[in-house]
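Chain by chain, the residues run as shown.
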Amino acid sequence: MNTSLFVYGTLMQGQDQEGLLAGCERIAATTRGRLYDLPAGYPALSLQGADRVYGELVRNLDVRRLVLLDDYEGVDQGLYERVEIEVHVGLKAESAWAYVMDDPRSIGGRRIVKGRWQPSRRRG
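Residues numbered from 1 in each chain as written. Predicted model: local features only at pLDDT ≥ 70, side-chain atom pairs only at ≥ 80, totals over all residues. Heavy atoms only, no water.

Here we look at the overall build of the protein chain
Put simply, the test is: The secondary structure listing takes helices from DSSP runs of H or I that are at least 4 residues long and strands from runs of E that are at least 2 residues long, numbered from the N terminus. Atoms considered for the radius of gyration are the C-alpha atoms alone. The globule rule reads 2.2 Å times the number of residues to the power 0.38. Each residue is placed in one exposure class: buried if its accessible area under a 1.4 Å probe, protein chains only, is under 20% of its type's maximum, exposed if it is over 50%, and partly exposed if it falls in between.
Regarding its fold elements, the protein chain presents one helix and six strands. Along the protein chain, helices and strands appear, N-terminal first, in the series β-β-β-α-β-β-β. Radius of gyration (C-alpha) of the protein chain: 13 Å, near the 14 Å computed for a compact globule of 124 residues. For the protein chain, the spread of C-alpha atoms along the three principal axes comes to 35 × 30 × 25 Å. Counting only residues that meet the buried cut, the protein chain has 47% of its 124 residues in that class.

Below, the structure is given as structure tokens:
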């Protein structure tokens, strides 16, 4: 079973939920798709599109941690789906899990043209 995960938002280093991946190896990576900023303050990746999306590849995840992350990402509620995608680390392509959403625009998502999510500074 694949134990790598591509993250592109709140699970990245320096973001609110990085602690859910504490102690894991991370490396800069990209994938193809389309990134959206959602009104709730976090991003969504759609595999529809060919933009370059920037994030981190987290390697050697324990299956129990993936189950925890499925819960955090709302997989059972239908918010995100965990699917295998192709990611690029430098010139090398490899397979990894990622949390994706079919149509982020349907819940108010705004396309992030540059493919890099930054949290909005709406908090007090």
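Digging into the pattern of salt bridges
Going by this rule: The salt bridge criterion pairs a side-chain nitrogen of Lys or Arg with a carboxyl oxygen of Asp or Glu, the two atoms within 4 Å.
Throughout the structure, instances matching the rule amount to 10 salt bridges. For D37, the salt bridge goes to R110, with nearest N and O atoms at 3.9 Å. You can see D37 sitting in strand β2 (residues 25–37) and its partner R110 sitting in strand β6 (residues 110–111), a full 73 residues away along the chain. Linked through salt bridges whose partners overlap, the residues forming this network are E25, R59, K92 and E94.

Notes on the side chain of T30
Short version of the rule: Only heavy atoms enter the contact rule, under which two residues are in contact if any of them lie within 4.5 Å.
In this structure, T30 sits in strand β2. For T30, the residues in contact, after removing those within four places along its chain, are F6, R52, V53, Y54, V87 and H88.

So, the packing of aromatic side chains
Basically, it comes down to this: Working definition: rings of Phe, Tyr and Trp (its six-membered ring) pair if their centres are within 6.5 Å, and the pair is stacked with planes under 30 degrees apart, edge-to-face with planes over 60 apart, and tilted otherwise. To sit over a ring, a charge needs its Lys NZ or Arg CZ within 6 Å of the ring centre and within 35 degrees of the ring normal.
Across all of its chains, the model carries two aromatic pairs by this definition. Here R82 stacks its cationic end above the ring of W97, 4.5 Å away from the centre of that ring. In this arrangement the basic side chain of R116 is found over the ring face of Y54, its NZ or CZ atom lying 3.8 Å from the centre.

Focus: the pairing of strand β4 (residues 81–89)
Heads up, the rule is: Strand pairing is assigned whenever DSSP detects at least two bridges linking the two strands.
As paired strands, β2 and β4 are joined by two bridges and run antiparallel to one another. Bridge assignment links T31 to a residue of β4, and that residue is V87. Of the pairings in the sheet, the one linking β4 to strand β5 (residues 92–100) comprises nine bridges and is antiparallel in character. Along β5, the bridge assignment pairs I85 with A96. Connecting β4 to the next strand, β5, in antiparallel fashion are two residues, including G90 with a positive phi near 65°.

Digging into the nonpolar core
Just so we agree on the cut-off: Residues belong to a common nonpolar core when they are buried Ala, Val, Leu, Ile, Met, Phe, Trp, Tyr or Cys residues joined through side-chain atoms within 4.5 Å.
F6, Y8, L21, L45 and L61 are the most contacted members of the largest nonpolar core, which has 32 residues in total. When contributions to this core are tallied by element, the ones reaching two or more residues are β1 (5–7), β2, β3 (43–59), α1 (63–72), β4 and β5.

Some remarks on the confidence of the model for the protein chain
A low pLDDT score tells you not to read the predicted coordinates there in detail. We count it as follows: Confidence of the predictor at the level of single residues is captured by pLDDT, which takes values from 0 to 100.
Across the protein chain, pLDDT averages 93, with 95% of residues at or above 70. For the protein chain, the element scoring lowest by mean pLDDT is α1, at 94; β1 scores highest, at 98.

Side note on the pairing of β2
Pairing of β2 with β3, which is carried by 13 bridges, proceeds in the antiparallel orientation. Residue pairing for β3: T31 is matched across the bridge by V53. Looking at chain direction, β2 and β6 are connected through two bridges and run antiparallel. Along β6, the bridge assignment pairs D37 with R110.

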